[in-house]
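Remarks on the overall topology
These are the residues of each chain, in order.
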Amino acid sequence: MESVKSITSVTSVTSISSMTSVTSEGMKRFNHLVSETDAVYHEAALRMGLSDSVLQILYVLCDKGGCCPLGEICRLTGISKQTINSALRKLEGDGTVYLEGLGGRRKRACLTEKGRELAERTVVRLIEIENGILASWPKAQLEQYLELTEQYMVALREKVREL
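Rules used throughout
Residues numbered from 1 in each chain as written. Predicted model: local features only at pLDDT ≥ 70, side-chain atom pairs only at ≥ 80, totals over all residues. Heavy atoms only, no water. Axes fitted to C-alpha atoms, helices over the stretch in contact; angles between N-to-C directions. Helix = DSSP H or I, 4+ residues; strand = E, 2+ residues; numbered from the N terminus. Left-handed = near helix turned anticlockwise from the far one by under 90°. Contact = heavy atoms within 4.5 Å. Phe/Tyr/Trp six-rings, centres within 6.5 Å; stacked < 30°, edge-to-face > 60°. Pairing = 2+ DSSP bridges.

Once that is clear, we can look at the packing of helix H4 (residues 70-77) against helix H5 (residues 81-93). If you want to describe how two helices pack, look at the angle between their axes and the distance between the axes. Running from N to C, H4 and H5 point in directions that differ by 115°, and their axes come no closer than 10 Å. Where H4 crosses over H5, the handedness of that crossing is right-handed. Residues Leu70, Ile73, Cys74 and Thr77 of H4 lie in contact with H5, whose contacting residues are Lys81, Ile84, Asn85 and Leu88.

The relation between two aromatic rings is expressed through the spacing of the ring centres and the mutual angle of the planes. On inspection of all chains with the given rule, the structure shows two aromatic pairs. On the basis of an interplanar angle of 50° and a centroid distance of 4.8 Å, the ring pair of phenylalanine 30 and tyrosine 152 is categorised as tilted. On the criterion of sequence distance, the pair formed by phenylalanine 30 in helix H2 (residues 25-47) and tyrosine 152 in helix H8 (residues 139-161) is long-range, its members being 122 residues apart.

The three strands are arranged S1-S3-S2 in an open sheet whose pairing can be described as antiparallel. With one partner strand each, in any of the chains shown, strand S1 (67-69) and strand S2 (97-103) form the two edges of the open sheet. Along the sheet, successive strands turn relative to each other by an average axial angle of 25°, direction set aside. Where S2 meets strand S3 (residues 106-111), six bridges bridge the pair, whose relative direction is antiparallel. From the neighbouring strand, glycine 103 faces S3, where its bridge partner is arginine 106. Together, S2 and S3 form the strand contacts of H5, whose direction differs from that of S2 by roughly 120°.

As structure tokens, this is what we get:
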């Protein structure tokens, strides 16, 4: 009986081992960099006293001039509608944003004056850091980075649609 258990254990380890080798070294490095970047943004949110979802909502609102349709916020952040709505209720309760109708069931979120002040103290500072980093790169390297990132995203989107 014990030899069957040992064989099963070895088989399981082999299966797990072969599954981990499916990921290429380049993909492992890419995934690690994406995870580490996400962790840096999480740390930024914590340091600014914001949740991750509030940080992303404020970021989008700043990027869009202070107002943005809710559906677009969901699309641009990748955050679920439920999470966005929950975060917006909190922001609305704090007097940071207000919602206005766009006709039908569509709404958009807009920063209040208090929200603009909060964004200036938090998200705008983060955007300035990001802009400074990209501005420090040689133009050719920045363009290459952006082109390769876009190529990857487009190819991944196409392949995912084939799943």
